[in-house]
Amino acid sequence: MRAYVVVFPGSNCDRDVVHSLATRLKTPVLTLWYEENHLPSDADLVVLPGGFSYGDYLRCGAMAATAPILQGIKNYAENGGLVLGICNGFQILTEARLLPGALLANKNLKFICRQCTVRVERTDTPFTSNLQIGQVLKMPIAHHEGLYFLPPEDLKRVLANRQVVFRYCSNDGTVDEENNPNGSIENIAGVVNERGNVLGLMPHPERASEKILGSEDGGLIWDSVALWLAKRGRR
Amino acid sequence: MNYKTVGLRKEEYLAIKKMLGREPNESELRILGVMWSEHCSYKSTRSILKMFNSEGKHVIQGPGENAGIVDIGGGWAAAFKVESHNHPSAVEPYQGAATGVGGIIRDILAVGAWPTACLDGLFFGKTPNNSTLSLIEGVVAGIGGYGNAVGVPTVGGKTFFDDSYEGKPLVNAMCVGTVHQESVITSRTAKVGQWVVLLGSRTGRDGIAGAAFASTELAEDTKSSKPQVQIGDPFVEKLLIECCHELLKDKLIASMQDMGAAGITSSASEIAAKSGTGIHIYAEKVPTREANMTPWEIALSESQERMLLIIEPDNFDKVKKCAEKWLLECALIGEITSDKRFRITNHGETVVDLPAEMVGGGCPVIDWPSQKPAYLENIKVEKKYEVPQERFKELFLSVLTDPNVRDKSWIYEQYDHMVQTNTVAGPGNPVSVIRIKENGTFLALSMDCDPWSCWLDPYNGGAESFLKAARPLWACGAEVLGMTDCLNYPSPESPENYWVLKESVRGLAQAAKDLECPVVSGNVSLYNESPGKKILPSPLVGIVGLLRDLDTFLPSGRMEAKDILFLVGP
Amino acid sequence: MLYHIKVLVYLKDGVLDTQGKAVLGTLHRMNYTELKDIRIGKYLQLWIEAPDKETAKKRVVEMCSDLLVNDLIEDYSIEVDDIS
Amino acid sequence: MLYHIKVLVYLKDGVLDTQGKAVLGTLHRMNYTELKDIRIGKYLQLWIEAPDKETAKKRVVEMCSDLLVNDLIEDYSIEVDDIS
Ligand SMILES: Nc1ncnc2c1ncn2[C@@H]1O[C@H](COP(=O)(O)OP(=O)(O)O)[C@@H](O)[C@H]1O
């Protein structure tokens, strides 16, 4: 498989995602500059990494969402290509309306960086194909604007479409207010688009794919993508 | 305009006249006022700093450059330094702390290193009241707000509470970077004919003459002479890091300086002095944020997120192109000359013409009178303190709930301590351990200080400040490579303060020397006083150690039921 | 002509204003108990070159929908001054 | 009486507006080149109970200096509507 990581001015997890994907999957991972209009035709996965694109000024992800590469990503997603937005990448995808909702300031109004656990809600997406429903993954969060918000009507639709892929939970998988680090609606930590090929999530799988970093669970998401692609003849 | 207004002492003014053989003009006087301030010239501590040993088998570069550098194997090196931002943080906690982080990261960048990790040392008042609480909140948010956005993890630090810091908090920021030994950049390598390029933000009236005006009354207060709060822009800093590293990779930078206190003046004069050349700055070519800035304001502005690059003229177009890619301003503002002068002209008119060496290095050293404080005579150290049985629980709980002992996760959870995916042991551990992807080794980092001991027994307290920082490194199995320190003290003009300063540094230096930990960089912050109050002597120590692999690393907190505990030591 | 345009951006009803809520709590603690509510939004000042007021306003409306305002969560109002 | 008070908070002249600078660059990239400058501040709406307009305003001024505005870097203006 061939993965691409988009670099915006202010991205700061781009190298981390490259390192994590490349070491876990032993596959070439290249970067893409935000000013490009098109994605390379050999792309199997495009990742929008975390960071502070444009300093997170105005609204997180808003300025990056107007970058030329987003047009390319839209076309690519419409054709079924796999797109993953992590943290700031998630914020960019919501601002670009590739994913529903918006990410607001954490309920304690502070930046939160800590290890977290999320429960897998769906396994029929490319990103979770090798996981179990109810499985708990340990992955850290690091954000100031991670409170996932949807107006009531949109929320109904998102739930009806089963677009929630990850929810914040306790170590044993309990989803409740106590285990909601940032105040997200319904403990939502990750959502997909209706088609299921665009995923946004706040926790950082790339920070959890090596034992020495405290967790390898993020690597399971990479494995899922690789497996899903392999089943479709892409290696 | 009089020498007192710019914060100079009479003997310093006379020295200037003698060196120049004439009266300095107004701009020159303002520039020398800042450059000969305590903050820039170390005039009160240069003799004290000589006590430090800076040699050791791992040392590649000792004090004198932007950061100390030590060998970490495989051709790679670690660059590190700690710096204070105490005065700005007292005025504006968020921006003061944020720009402190930005400043130390640029120091690391200036030697050509990639900033890999930050640590922060914070000292606050202990009694919880509104102003202390909002100050703490502002400082912590500022450190996080900046470090998180630039993408440098804050992997550890030190927080200390005592009421002597009320109204005068200490904010010390340390950064560690990695650099290939062959790619180290210095300020000694500028050559005649090379161009001087300003990269980064536009120049505004931020913090002009902050260093000098802080110690004088603002006599003739014109609007422009009032220091303005410096605002940090971590977004631009991130772009600067990326851009400089792209330029370094393409070997387009001959020499480089960050711009901290005294902005263009200190960075430009330092390059000239160290390279044994002169430098000529064209004030009108500096891109400014505000109209009508005078040449001396341009020369002294402390606007953040700027770097001074020295490049070959032929490379200018490439440098400019790279700057455009990273959305940065880039302007040719001067050239390296052969006359060893620091010269500023404005539209052809000479504004400043001083010997380059005199600007940064000319200030005469002051040896303040020193006297052992009276209070030390009256201190009785009780060797034994008996705890009455019935008060045991109460005292034990009071220790556990003391802010100095209590868990600090409310601070460090606001810092991204994992970005760059190297953090093997983050904050909350006695040592922080980061992986060095470049050579497969690990760095063990610690930061500590013991102000109470320094107050009770300056010599041994200084030694203990070193030992507190070094012990966890030894205990975890790391090899100590070198240290940096930030000497935070009250005014040296009081003989008793000066004595404590000298004694505690003597103890610190001796312990570090005896235990083979060279001092490769550091910083001094004096005059930490608020009305009626002065801070405890606070020499903060940051140490970098090496773990060749994780098998040699002994983490703390790996305990199980039935394990046997030993207490080792006196 | 140069126009000075003020845009006031505020959260839509129903969108949680965590910051406003926190500030309200702090002000109550500081004894400003007569304060019933506070909402926190953005104040944007734009200086724009345009042939006339209508065009200036029209362009700013476009900027709002293209970037400055996220209409899922925010609303805004515009005010134009001419200054030259 | 309940008063609705709008406070516009903006950076003082000469103080670097990091947000405004980044937004200006982005809008230029999006071809809004007629935009000469943009400054980003805060828009606060307060609902306050007070015997009269003057008192309402006076109290808001106090809140501004106690908490809402950082007078080292910010200035502000106030507008009062009465609504009940
Ligand atoms: N300001 C800070 N920034 C980051 N980490 C901190 C800070 N203060 C304390 N820590 C972390 O919290 C832990 C305890 O710190 P502290 O209580 O200051 O140390 P000590 O063990 O010397 O008393 C350490 O692991 C330290 O790295």
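Note that the coordinates shown come from a computational prediction; the quantities given were computed from them, not determined experimentally. (Residues numbered from 1 in each chain as written. Chains lettered and ligands numbered in written order. Predicted model: local features only at pLDDT ≥ 70, side-chain atom pairs only at ≥ 80, totals over all residues. Heavy atoms only, no water.)

This part is about the overall build of chain A. Per the secondary structure count, chain A includes 5 helices and 11 strands. What you see for chain A is a C-alpha radius of gyration of 16 Å, in line with the 18 Å of a compact globule of 235 residues. C-alpha atoms of chain A, sized along the principal axes, occupy 45 × 35 × 35 Å. Counting every position in chain A, which comprises 235 residues, the buried fraction comes to 66%. A separation threshold of at least 6 residues defines the contact pool for chain A, and within that pool the share at least 24 residues apart is 77%. (Helix = DSSP H or I, 4+ residues; strand = E, 2+ residues; numbered from the N terminus. Rg over C-alpha atoms; globule rule 2.2 N^0.38 Å. Buried < 20%, exposed > 50% of the residue type's maximum accessible area, 1.4 Å probe, protein only. Contact = heavy atoms within 4.5 Å.)

Next up on the list: the overall build of chain C. Each helix and strand counted, chain C has 2 helices and 3 strands in total. If you list the helices and strands of chain C from N to C, you get β-α-β-α-β. Scaling as 2.2 N^0.38, a compact globule of 84 residues should have a C-alpha radius of gyration of about 12 Å, whereas chain C reaches 16 Å, well beyond that. The C-alpha extent of chain C, read off along each of the three principal axes, is 50 × 30 × 15 Å. Looking at chain C residue by residue over its 84 residues, the buried ones come to 49%. The contacts of chain C with a sequence gap of at least 6 include a subset with a gap of at least 24, amounting to 74%.

Before going further, it helps to examine the sheet that holds strand E6 (residues 170–180) of chain B. The strands making up a sheet associate through hydrogen bonds between their backbones, and the pairing can be parallel or antiparallel. Residues and elements named next belong to chain B. Strand order in the open sheet formed by 6 strands is E1-E2-E3-E6-E4-E5, and the pairing between neighbours is mixed. Each of the sheet's edge strands pairs with one partner strand only, and the pair in question is strand E1 (59–61) and strand E5 (154–161). Neighbour to neighbour, the strand axes of the sheet diverge by 25° on average, direction disregarded. Of the pairings in the sheet, the one linking strand E4 (residues 114–124) to E6 comprises 9 bridges and is antiparallel in character. Across the sheet, the residue bridging to Gly121 is Asn172, located in E6. (Pairing = 2+ DSSP bridges. Axes fitted to C-alpha atoms, helices over the stretch in contact; angles between N-to-C directions.)

Residues and elements named next belong to chain A. The sites that carry the UniProt feature "active site" (unreviewed entry) are, in the present numbering, Cys87, His204 and Glu206. For the annotated residues, spread through 120 residues, the largest C-alpha to C-alpha distance comes to 11.1 Å, consistent with a single compact locus. Summarising the element assignment, Cys87 is placed in the loop between strand E4 (82–86) and helix H3 (88–95). Aside from chain neighbours lying at most four places away, what touches Cys87 is Gly50, Ala142, His143, Leu201, Met202 and His204. Positionally, Glu206 belongs in the loop between strand E11 (198–201) and helix H5 (217–231). You can call Glu206 buried: its relative accessible area is 1%. At 2.8 Å, the side chain of Glu206 forms a polar contact with the side chain of His204. (UniProt positions renumbered as here; feature names shortened; annotations may be inferred. Polar contact = N/O pair within 3.5 Å; in protein donor to acceptor, adjacent residues only side chain to side chain.)

Time to look at the packing of aromatic side chains. Evaluated as defined, the whole model comprises 18 aromatic pairs over all chains. Consider the rings of B:Phe124 and B:Phe161, whose centres lie 6.1 Å apart with planes at 45°: the pair is tilted. Taken as a pair, B:Phe124 in strand E4 and B:Phe161 in strand E5 lie far apart in primary sequence, 37 residues in all. Given the relative accessible area of 0%, B:Phe124 is considered buried. What makes B:Phe161 buried here is its relative accessible area of 5%. A connected cluster of aromatic rings, assembled from ring pairs, spans A:Trp33, A:Tyr34, A:Tyr54, A:Tyr57, B:Phe235 and B:Trp326. Of note, A:Arg232 hangs over the ring of A:Trp228, and the distance from its end group to the ring centre comes to 3.8 Å. Lying across the ring of A:Trp33, B:Lys325 places its NZ or CZ 4.8 Å from the centre. (Phe/Tyr/Trp six-rings, centres within 6.5 Å; stacked < 30°, edge-to-face > 60°. Lys NZ or Arg CZ within 6 Å of the ring centre and 35° of its normal.)

So, about the site of the ligand. All names here are of chain B. Inspection of the region around the ligand gives 15 residues, with Asp120, Thr159, Lys408, Gly428 and Asn429 positioned closest. Measuring from an oxygen atom of the ligand, one finds a backbone N or O atom of Gly157 at 3.2 Å. Of all the secondary-structure elements, those providing two or more residues to the shell around the ligand are E4, E5 and helix H16 (409–412). Here the element with the most residues in the shell around the ligand is E5; it accounts for 4 residues. Of the residues contributing to the shell around the ligand, the split by class is 5 nonpolar, 6 polar and 4 charged. (Near = heavy atom within 4 Å. Nonpolar A, V, L, I, M, F, W, Y, C, P; charged D, E, K, R; others polar.)

Once that is clear, we can look at the environment of A:Leu201. Residue and element names in this part refer to chain A. Here Leu201 is to be found in strand E11. Using a relative accessible area of 1% as the deciding quantity, one classes Leu201 as buried. A sequence separation of 53 residues divides Leu201 from Tyr148, and the C-alpha atoms of the two residues are 10.0 Å apart. Contacts of Leu201, omitting those with residues within four sequence positions, involve Leu84, Gly85, Ile86, Cys87, Phe90, Met139, Phe166, Ala189, Gly190 and Ile221.

A few words on the sheet that holds strand E7 (residues 136–143) of chain A. Residue and element names in this part refer to chain A. Read from one edge to the other, the open sheet built from 9 strands follows the order E2-E1-E3-E4-E11-E10-E9-E6-E7, with strand pairing classed as mixed. Sheet topology places strand E2 (29–33) and E7 at the edges, where each strand pairs with a single neighbour. Averaged over all pairs of adjacent strands, the angle between their axes in this sheet comes to 25°, without regard to strand direction. Bridge count between strand E10 (residues 188–192) and E11: 3 bridges; the pairing is antiparallel. Residue pairing for E11: Gly190 is matched across the bridge by Leu201. Helix-sheet contacts for helix H1 (residues 14–25) involve strand E1 (3–7), E2, strand E3 (45–48) and E4, and the interaxial angle to E1 is about 170°.

Next up on the list: the relation of the copies chain C and chain D. When chain C is fitted to chain D, the residual RMSD is 0.2 Å, and the transformation amounts to a turn of 180° plus an axial shift of 0.0 Å. Such a combination of turn and shift is consistent with a two-fold rotation axis. Taken together, the interface assignments show that 100% of the residues at the interface of chain C recur at the interface of chain D, consistent with an identical surface on both copies. (Least-squares fit on C-alpha atoms with pLDDT ≥ 70 in both.)

Before going further, it helps to examine the interface of chain C and chain D. Taken together, the 32 residues of chain C in the interface contact 32 residues of chain D. Note on chain C versus chain D: buried area summed over both sides is about 3,000 Å², and carbon and sulfur give 68% of it. C:Arg59 is the salt-bridge partner of D:Glu34, the closest N and O atoms lying 2.4 Å from each other. Linking chain C with chain D are 15 residue pairs in polar contact (both at pLDDT 80 or more), by the criterion used here. Going through the elements one at a time, strand E1 (2–11), helix H1 (18–29), strand E2 (35–49) and helix H2 (53–68) of chain C are the ones with two or more residues in the side of chain C that touches chain D. By residue number, the principal contributor to the side of chain C that touches chain D is E2(C), which donates 15 residues. Across the side of chain C that touches chain D, the residue classes break down as 19 nonpolar, 4 polar and 9 charged. With 13 bridges joining them, E2(C) and strand E2 (residues 35–49) of chain D adopt antiparallel strand pairing. Directly across from C:Leu46, in E2(D), lies its bridge partner D:Ile38. (Buried area = accessible area lost by both parts, 1.4 Å probe. Salt bridge = Lys/Arg side-chain N within 4 Å of Asp/Glu carboxyl O.)

Bringing the pairing of E3(A) into the picture now. Residue and element names in this part refer to chain A. Going residue by residue along E3, you find Leu45 and Val47 tucked away on one face and Val46 and Leu48 tucked away on the opposite face as well. Looking at chain direction, E1 and E3 are connected through 3 bridges and run parallel. Paired with Val5 across the two strands is Val47, which belongs to E3. In this sheet, E4 lies alongside E3 in parallel orientation, the contact comprising 4 bridges. Note that in E4 the partner of Val47 across the bridge is Leu84.

Residues and elements named next belong to chain B. By the secondary structure assignment, Thr203 is in the loop between strand E7 (195–200) and helix H8 (210–213). With relative accessibility at 0%, the residue Thr203 sits in the buried group. Apart from residues no more than four positions distant in its own chain, Thr203 is found in contact with Leu198, Val286, Pro287, Thr288, Arg289, Glu290, Met293, Ile298, Ser301, Ser303 and Arg306.

Looking now at helix H12 (residues 316–325) of chain B. Residues separated by three or four positions in an α-helix point in the same direction, a consequence of the helix having 3.6 residues per turn. All names here are of chain B. Phe316, Val319, Cys322 and Ala323 are the residues of H12 that are buried. Along the axis of H12, the buried positions cluster into a sector of 130°, meaning they face one direction only. Of the exposed residues in H12, those oriented more than 90 degrees away from the buried face are Asp317, Lys318, Lys321 and Glu324. Along its buried surface, H12 packs onto E7, helix H9 (234–249), strand E10 (306–311) and strand E11 (329–337). (Arc of directions from axis to C-beta.)

All right, on to the packing of H9(B) against H12(B) then. Residues and elements named next belong to chain B. Orientation of H9 relative to H12, taken along the N-to-C sense of each, is 150°, at an axis distance of 9 Å. Taken together, the axis directions place H9 and H12 in an arrangement best described as roughly antiparallel. Crossing of H9 over H12 shows right-handed handedness. Within the contact between the two elements, H9 uses Cys243, Glu246 and Leu247 and H12 uses Val319, Cys322, Ala323 and Lys325. When grouped by side-chain class, the residues that make up the contact of H9 with H12 number 5 nonpolar, no polar and 2 charged. (Parallel < 35°, antiparallel > 145°, perpendicular 65-115°, else oblique. Left-handed = near helix turned anticlockwise from the far one by under 90°.)

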